[in-house]
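# Reading the structure
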Amino acid sequence: MKNKLINILAVSGLIFGLSSCNEEVWNINETEGVGDLELNSISIELKDAQKVIVSPSTRGSDINDFQVTVVDKNSGLTIGKWTYGSMPEILTLPVGNNYSLQVESHEVALAEWENPYFKGEKDFEITSGKITRIGEVEAKFASLKVTVNFGDDLKKEAQADTKVIVKANNGASLEFGLNETRAGYFAFNEGTTFAAHFEGTIGGVMTEHATSFVGVEAGQHHILTYSVKSGPEIPEQSGQIEGDGVSLDVSYDVEDVNSNTDMEEDLIDGGKRPGTEENNDPKDPDEDNKDNPGDSDSADIDFSTLNSPNLNLDSVNIPTDDFGNAIVLINAKNGIKTFKVEISSTDEDGLLMPALEEMKLDAFELTDPGDPETIENLTNLELPYGDDVKNKTEVEFNITNFVPLLKPFRGLHSFKMIVTDNNNVTKTLVLQFKA
């Protein structure tokens, strides 16, 4: 018999969840010339959020606070605007194919700390006498993320006046001090340009340097790393600023969050993009990965289904009724270093997540679950953990016993799998089930 986790989920569903499941089914609006938009069918998927949200204070950003707007594209007028958690269930609109539903994480600021901006949009059509269901709306990271790193060698040489000021031509700016670890986020529009100005006393010498951002687009993460090298013989290297025995190295990297493409920028002559020179010799990708294993090909980790005919990894809103098997096979040719699972839910009664939190199963790590209660619940759910996962090249994530327990909780339930291999390559998959 299953432990108290199973009992809490099942009993809570029977006592509290069935009332929501027995709600009256919406009748089709038969008024000529209008149709209905079922807003409660909408789900929001954050694309590659784990690459953007790095602070514990923002990692649990509540999608219920996202802004949802319905717009008439012909007139540009806003028909309705709500938070995701306060939307009406049905919106009646005149027939037409001139509608757009837009989602935003928040009102974007020109510059802000630890507050990434996500935005998504989906067009839809209203048909007379029919209910329109939009389904998933993908919200992509749509601002610019900037982080500034100072090497330990530089911190030893630097005085307290050392800082980097990142500025945009729209007047936005953020100041990164020596001990600043937060990421900065900037609003981005076509024509917005950015530059970073380093200034500070290094080894007793006042040093300044300006770095222009190259190829800037929304959805990117620009990373500046400053380090210092000292010695009587300092080799000539791109990106160095020399003065009285001190050489400051500036490394500039760009990550395109939304396309999983990384670009590394070496500063040449004040900021020319490398790779434009003629006759570049092809590089062995493994050479870079020796120093930067996290940039390895994410194909090193693969998600696939196993004996799960109803499970489509490219789909969401998979109904929990008569679901059958729910088994995902994870292959990691370099061995699994960490396997984290995060569960979230839009449960209308707000009962599922408190139950999971009490059982410490709202977020857990299979490679090292730690807490004895979590281990007990993983065992009862027949999920692998510990040595059955760590360093393994193939693991079955089998939640067949878990999915039926979600049925009484009306809403969208998400299982987010975050797998990192021993080369520090990370890949994420989100399974979503609708009850």
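In this text, all values refer to a predicted model and were calculated from it rather than measured experimentally.

### Focus: the overall build of the protein chain
- From N to C terminus, the protein chain includes seven helices and 28 strands.
- Across the 435 residues in the protein chain, those meeting the buried criterion constitute 46%.
- The contacts of the protein chain with a sequence gap of at least 6 include a subset with a gap of at least 24, amounting to 64%.
- Carbon and sulfur atoms form 45% of the exposed surface of the protein chain, whose accessible area is close to 21,600 Å².

### Points about the sheet that holds strand E16 (residues 205–212)
- Across the sheet, four strands lie side by side as E13-E12-E15-E16; this open sheet has antiparallel pairing. Two strands bound the open sheet, and with one partner strand each, they are strand E13 (173–177) and E16. If you compare each strand with its neighbour and ignore which way they point, the axes differ by 15° on average.
- Pairing of strand E12 (residues 163–168) with E13 involves five bridges; the strand directions are antiparallel. Directly across from Val-164, in E13, lies its bridge partner Phe-176.

### Overview of the layout of surface pockets
- Volume-wise, the second largest pocket comes out at about 550 Å³.
- Along its surface, the second largest pocket is lined by 22 residues, and Asn-40, Ser-41, Thr-346, Glu-348 and Gly-411 are the ones closest to its centre.
- Within the lining of the second largest pocket, the residues separate by chemical class into seven nonpolar, nine polar and six charged.

### Section: the packing of aromatic side chains
- On inspection of all chains with the given rule, the structure shows 11 aromatic pairs.
- Relative to Tyr-252, the ring of Phe-213 has its centre 5.6 Å away and its plane inclined at 40°; by these criteria the two rings are tilted. Highlighted residues: Phe-213 in the loop between E16 and strand E17 (220–230) and Tyr-252 in strand E19 (residues 246–256), separated in sequence by 39 residues. For the pair formed by Phe-213 and Tyr-252, the shared burial category is buried.
- Among the aromatic residues, those joined into a ring-pair cluster are Phe-186, Phe-194, Phe-213 and Tyr-252.
- Between Arg-182 and the ring centre of Trp-113, over which it is positioned, the NZ or CZ distance is 4.3 Å.

### Brief notes about helix H6 (residues 372–380)
- Turning to H6, its buried residues are Thr-374, Asn-377, Leu-378 and Asn-380. The buried residues of H6 occupy one face: seen down the axis, they fall within an arc of 165°.
- Where H6 begins, the side chain of Asp-371 points an oxygen toward the backbone nitrogen of Glu-373, at a separation of 2.9 Å.
- In the stretch just after H6, Glu-382 is the one whose phi turns positive, near 60°.

### Digging into the sheet that holds strand E1 (residues 34–38)
- Strand order in this open sheet of three strands is E5-E1-E9, and the pairing throughout is mixed. Both edges of this open sheet fall to strand E5 (90–94) and strand E9 (131–132), since each of them pairs with a single strand only.
- Examined bridge by bridge, E1 and E5 share five bridges and lie antiparallel to one another. Bridge pairing in E5 links Gly-35 to Leu-93.

Analysis parameters
Residues numbered from 1 in each chain as written. Predicted model: local features only at pLDDT ≥ 70, side-chain atom pairs only at ≥ 80, totals over all residues. Heavy atoms only, no water. Helix = DSSP H or I, 4+ residues; strand = E, 2+ residues; numbered from the N terminus. Buried < 20%, exposed > 50% of the residue type's maximum accessible area, 1.4 Å probe, protein only. Contact = heavy atoms within 4.5 Å. Areas by Shrake-Rupley, 256 points an atom, 1.4 Å probe, with all protein chains shown as cover. Pairing = 2+ DSSP bridges. Axes fitted to C-alpha atoms, helices over the stretch in contact; angles between N-to-C directions. 1 Å grid on protein atoms, 1.4 Å probe; cavity = no way out; pocket = protein on both sides within 12 Å on 5 of 7 lines; lining within 4 Å. Points joined across faces, edges and corners; volume = space filled by probe spheres on them. Nonpolar A, V, L, I, M, F, W, Y, C, P; charged D, E, K, R; others polar. Phe/Tyr/Trp six-rings, centres within 6.5 Å; stacked < 30°, edge-to-face > 60°. Lys NZ or Arg CZ within 6 Å of the ring centre and 35° of its normal. Arc of directions from axis to C-beta. Polar contact = N/O pair within 3.5 Å; in protein donor to acceptor, adjacent residues only side chain to side chain.

These figures come from the coordinates and say nothing about function on their own.
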